[in-house]
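# Coordinates in review
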Amino acid sequence: MELKSNVPAGAIETLWEQHRFNMKLVNPANKRKYKVIVVGSGLAGAAAAATMGELGYQVECYCYQDSPRRAHSIAAQGGINAAKNYRGDGDSIYRLFYDTVKGGDFRSREANVYRLAENSVKIIDQAVAQGVPFAREYGGLLDNRSFGGAQVSRTFYAKGQTGQQLLLGAYQALERQIGLGTVAMHTRHEMLELIVVDGHAKGIVVRDMVSGKVESHLGDAVVLATGGYGNVFYLSTNAKGCNVTANWRAYKKGAAFANPCYTQIHPTCIPVTGDHQSKLTLMSESLRNDGRVWAPKRKEDCGKKPGEIKEEDRDYFLERKYPSFGNLVPRDVASRNAKEVCDEGRGVGPGGRGVYLDFADAIKRLGKHKVEEKYGNLFEMYERITDENPYEVPMRIYPAVHYTMGGLWVDYNLQSTIPGLFVGGEANFSDHGANRLGASALMQGLSDGYFIIPYTIGNYLAGQSPAKRPTADHAEVKAAEAAVKARNERLLSIGGKETPTHFHRELGKIMWEYCGMARNEEGLKKAIGLIGELKKEFWSNLRVPGTGEELNQSLEMAGRVADFIELGELMCLDALERRESCGGHFREEFQTPEGEALRDDSQFCNAAAWEYKGEGVKPEKHLEPLEFEHVHLATRSYK
């Protein structure tokens with residue numbers, strides 16, 4: 001396997017424009033002959049499917065939800081970045097590019113990130129044209145707010161429902177194409193295998209989640225837009241259905257998996273309350289615009305009500321340590337500092353696993369009605385879950401798993417190491433390095449779906465012949481179907497005593513303890529051993545009731561957990577061999593005297609892409625060197 005980034009030569013400012021001109025085109029009449037399969041219907045998937053349908057391709061879109069509207073993109077709250085500079089505060093495409101590379105701790109590909117910043121301005125225009133109800137100022141202009149890792153206001157938002165509104169915009173574009181007949185939508189279908197013929201991705205095998213029927217669908221190219229793998233930790237802010245299975249099937253068919261250890265821990269999550277929980281709830285990063293993060297200075301004050309702790313006895317630790325950025329430091333920095341405070345015994349709430357996010361000053365400065373106008377639905381959600389009124393008492397927050405920067409390796413065209421397999425949104429590794437800045441996930445998903453893959457996939461399809469598309473009786477198609485059926489039969493036949501959820505919860509405990517907010521060599525080695533033992537127990541003591549020929553959610557969960565267990569091994573291996581700290585990957589052995597991440601650019605200024613070598617065989621690591629010509633390598637500082 002050879003990693004070719006395929007970044008064209010030229011000035012970065014005109015690179016994408018020139019590349020689009022140089023790519024091969026498929027003429028409008030011929031587009032109707034090609035079939036593209038899109039897996040996933042969130043922002044990246046819906047945008048890609050709708051755009052390619054509008055261009056004239058035959059598109060088939062698959063999702064495991066009962067409607068594309070239920071994709072996890074809908075859960076994003078705070079906003080979407082764009083370098084419009086509406087505030088006149090010094091923003092630009094270059095500054096967004098710079099902030100994103102720096103925020104990712106210099107572990108992303110410059111060309112991809114610049115293109116993302118360049119496309120950001122188009123995304124806002126696209127969304128406004130679709131009727132997305134972004135917040136507006138008194139005069140009617142689009143409003144902006146600040147997010148972590150930036151000193152300008154570039155985040156466009158729709159109250160605390162930005163992901164929902166953007167997804168509805170993409171969804172209506174998708175539904176229009178469904179109505180026109182250019183896109184065929186298949187809900188409640190889960191991809192369980194990738195079909196590769198003569199080295200090229202040519203289709204997928206899915207299971208109808210209602211009837212249990214296993215069937216193949218063939219095309220001329222495949223787009224995976226299936227989100228991230230944060231649920232490997234069991235407790236995360238992700239929807240319960242989010243999984244790694246589509247990516248994992250591609251990985252096992254030859255698609256390199258890059259930087260799996262890069263996990264983003266979000267600092268503003270409602271703290272865990274007990275073992276009864278199956279997921280966690282995020283409170284938007286936008287709250288750190290006006291909320292102040294603090295903890296008691298003295299351990300003996302932790303049991304007091306927040307109103308009983310005097311101002312001089314409060315430690316506004318982010319403002320104290322990072323005066324330039326204050327509460328708006330990037331997520332990895334805020335999370336580590338919150339954990340540090342709690343580890344010192346100064347945490348609040350049950351188990352001492354929480355710090356305060358306090359809006360008293362903002363309410364006093366702006367008035368309750370203004371705070372309610374900006375964050376009302378978020379405050380309501382917090383009160384419903386905790387039975388505490390954040391207008392009257394500070395929120396309690398603690399870091400939790402939120403996003404994964406790793407994913408399938410892709411080149412500049414967003415094509416994986418399997419020709420014809422394109423990957424968009426959180427499912428790929430491309431833009432965020434070792435830490436994603438807030439409000440950049442929505443930006444990347446829509447950039448990939450609306451403005452990149454529809455161009456680059458044409459360049460690939462121009463070299464393919466629809467007449468040579470494989471048929472259902474092809475040997476590789478039959479083999480892929482047989483593999484899915486055999487795997488399901490194996491899961492159903494174990495006949496053990498424990499549920500898939502039991503194994504998922506146990507895996508999550510291992511991952512959070514040893515490969516979570518902080519990692520070290522001893523812990524990662526221990527985790528690999530523990531996951532190996534859990535894997536053996538899974539395949540000998542799992543119980544899945546029912547059959548595969550019916551609606552069977554236990555079977556669905558069992559398959560996803562099996563893949564999570566294998567992914568957990570790879571994540572720990574990747575974290576073990578990356579002997580540095582960068583962004584969300586914090587190795588305790590590698591930190592500055594002040595407790596900040598300590599990179600090793602001489603050894604690890606690269607993307608690590610893993611190639612599957614077979615069951616029980618250590619995967620092979622390939623390296624893509626990262627070069628920084630426009631944002632020079634520097635110690636990341638937010639002080």
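None of the values given here were measured: they were computed from a predicted structure.

### Some points on the overall build of the protein
When helices and strands are counted, the protein shows 17 helices and 19 strands. For the protein, whose C-alpha radius of gyration is 24 Å, the value lies close to the compact-globule estimate of 26 Å for 639 residues. With the principal axes as the frame, the protein shows a C-alpha extent of 75 × 60 × 50 Å. When each of the 639 residues of the protein is scored for burial, the buried share is 62%. Long-range pairs, those at least 24 residues apart, make up 73% of the contacts in the protein with a sequence separation of at least 6. When the accessible surface of the protein is totalled, it reaches about 24,200 Å², and 49% of it is carbon and sulfur. Charged side chains in the protein number 80 positive and 82 negative. The centres of these two groups are separated by 2 Å.

### Describing the nonpolar core
Ranked by size, the top nonpolar core spans 137 residues in total, and within it Ile-80, Leu-194 and Leu-224 carry the most contacts. Counting residues per element, this core draws most heavily on helix α16 (residues 553-577), at 14 residues. Leaving out residues up to four positions away in the same chain, Leu-194 has contacts with Ala-201, Gly-203, Ile-204, Val-222, Arg-249, Ala-250, Lys-253, Ile-418 and Leu-421. Of all hydrophobic cores here, the second largest spans 30 residues; its members include Leu-318, Leu-378, Phe-379 and Ile-397.

### Side note on the environment of Thr-547
With respect to the helices, strands and loops of the structure, Thr-547 is situated in the loop between α15 (521-541) and α16. Sequence separation of Thr-547 and Ser-493 is 54 residues, and the distance between their C-alpha atoms is 9.6 Å. Those residues in contact with Thr-547, other than ones at most four positions away along the chain, are Leu-492 and Asn-552.

### Comments concerning the domain arrangement of the protein
Here the domain parsing of the protein yields domain 1 (265-401) and domain 2 (475-625). Once you take the C-alpha centre of each, domain 1 and domain 2 turn out to be 31 Å apart. Taken together, the contact pairs ten residues of domain 1 with eight residues of domain 2. Looking at the side of domain 1 facing domain 2, the largest losses of area belong to Ile-265, Arg-336 and Lys-339, adding up to 51% of the total buried there. Taken together, the links from domain 1 to domain 2 amount to zero salt bridges. If you look at where domain 1 meets domain 2, you find two residue pairs in polar contact (both at pLDDT 80 or more). Residue assignment for the side of domain 1 that touches domain 2 shows that the elements contributing at least two residues are α9 (331-343) and β15 (395-404). Ranked by residues supplied to the side of domain 1 that touches domain 2, first place goes to α9 with four residues. Of the residues contributing to the side of domain 1 that touches domain 2, the split by class is five nonpolar, one polar and four charged.

### Remarks on the packing of aromatic side chains
Under the definition given, this model contains 24 aromatic pairs. With 5.5 Å between their ring centres and 70° between their planes, Tyr-94 and Phe-97 make a pair best called edge-to-face. Taken together, the residues span about one helical turn, with Tyr-94 and Phe-97 both in helix α4 (residues 93-103) at a distance of three residues. A relative accessible area of 0% places Phe-97 in the buried class. Centre to centre, the rings of Phe-503 and Phe-538 are 5.3 Å apart; their planes meet at 80°, and the pair counts as edge-to-face. You can see Phe-503 sitting in helix α14 (residues 500-515) and its partner Phe-538 sitting in helix α15, a full 35 residues away along the chain. Here Phe-503 and Phe-538 have matching classes, each one buried. Clustering of aromatic rings is evident, with ring pairs tying together Tyr-229, Trp-248, Tyr-251, Phe-257 and Tyr-612. The cationic tip of Arg-145 hangs over the ring face of Tyr-157; the distance from NZ or CZ to the ring centre is 3.7 Å. Lying over the aromatic face of Tyr-403, Arg-436 brings its terminal NZ or CZ to 4.1 Å of the ring centre.

### Examining unusual backbone geometry
Positive phi, close to 60°, is recorded for Phe-106, a residue that is not glycine. Following the sequence through the fold, Phe-106 ends up in the loop between α4 and α5 (110-129). Phi at Arg-188 is positive, roughly 55°, even though this residue is not glycine. Along the chain, the position of Arg-188 falls in the loop between β5 (183-186) and β6 (189-197).

### Considerations on the sheet that holds strand β8 (residues 214-218)
The strand order across the open sheet formed by three strands is β6-β7-β8, and the pairing between neighbours is antiparallel. Sheet topology places β6 and β8 at the edges, where each strand pairs with a single neighbour. For this sheet the average axis-to-axis angle between neighbouring strands, irrespective of direction, equals 30°.

### Notes on the packing of helix α7 (residues 245-252) against α16
Here α7 crosses α16 at 60°, and the two axes come no closer than 10 Å. What the angle tells us is that α7 and α16 run oblique. α7 and α16 meet at a crossing whose hand is left-handed. Seen from α7, the contacting residues are Thr-245, Trp-248, Arg-249, Tyr-251 and Lys-252; seen from α16, they are Gly-559, Arg-560, Asp-563, Glu-566, Leu-567 and Leu-570. For the contact of α7 with α16, the per-class residue count stands at four nonpolar, two polar and five charged.

### Here we look at helix α6 (residues 162-180)
Its 19 residues place the ends of α6 28 Å apart at the C-alpha level, agreeing with the 27 Å of an ideal helix rising 1.5 Å per residue. In the core, the buried residues of α6 are packed alongside α3 (43-55), β3 (80-81), α5, β4 (155-156), β5 and α12 (441-461). One or two steps after α6, the chain reaches Gly-181, where phi turns positive at roughly 90°.

### Structural notes on the pattern of salt bridges
Summed over the entire model, instances satisfying the criterion amount to 57 salt bridges. Here Glu-60 and Lys-35 are joined by a salt bridge, their closest N and O atoms 3.4 Å apart. With Glu-60 in strand β2 (residues 58-62) and Lys-35 in strand β1 (residues 35-39), this pair connects stretches of sequence that are 25 residues apart. Side by side, Glu-60 and Lys-35 carry an identical accessibility label, which is buried. For Arg-336, the salt bridge is made with Asp-332, and the minimal N-O distance between the two is 3.5 Å.

### A closer look at the sheet that holds strand β10 (residues 257-258)
Spatial strand order, β16-β10-β18-β19: four strands in an open sheet with antiparallel pairing. For this open sheet the edge positions go to β16 (407-408) and β19 (620-625), each flanked by a neighbour on one side alone. Summarising the sheet, β10 and β16 pair through two bridges and their orientation is antiparallel. Bridge pairing in β16 links Ala-258 to Gly-407. Set on the sheet, α16 makes contact with β10, β18 (606-611) and β19; between it and β18 the angle comes to about 145°.

Criteria and thresholds
Residues numbered from 1 in each chain as written. Predicted model: local features only at pLDDT ≥ 70, side-chain atom pairs only at ≥ 80, totals over all residues. Heavy atoms only, no water. Helix = DSSP H or I, 4+ residues; strand = E, 2+ residues; numbered from the N terminus. Rg over C-alpha atoms; globule rule 2.2 N^0.38 Å. Buried < 20%, exposed > 50% of the residue type's maximum accessible area, 1.4 Å probe, protein only. Contact = heavy atoms within 4.5 Å. Areas by Shrake-Rupley, 256 points an atom, 1.4 Å probe, with all protein chains shown as cover. Lys, Arg positive; Asp, Glu negative; His and termini not counted. Charge placed at Lys NZ, Arg CZ, Asp CG, Glu CD. Core = buried A, V, L, I, M, F, W, Y, C linked by side-chain atoms within 4.5 Å. Domains from an automatic or database assignment. Buried area = accessible area lost by both parts, 1.4 Å probe. Salt bridge = Lys/Arg side-chain N within 4 Å of Asp/Glu carboxyl O. Polar contact = N/O pair within 3.5 Å; in protein donor to acceptor, adjacent residues only side chain to side chain. Nonpolar A, V, L, I, M, F, W, Y, C, P; charged D, E, K, R; others polar. Phe/Tyr/Trp six-rings, centres within 6.5 Å; stacked < 30°, edge-to-face > 60°. Lys NZ or Arg CZ within 6 Å of the ring centre and 35° of its normal. Pairing = 2+ DSSP bridges. Axes fitted to C-alpha atoms, helices over the stretch in contact; angles between N-to-C directions. Parallel < 35°, antiparallel > 145°, perpendicular 65-115°, else oblique. Left-handed = near helix turned anticlockwise from the far one by under 90°. Expected span 1.5 Å × (residues − 1).

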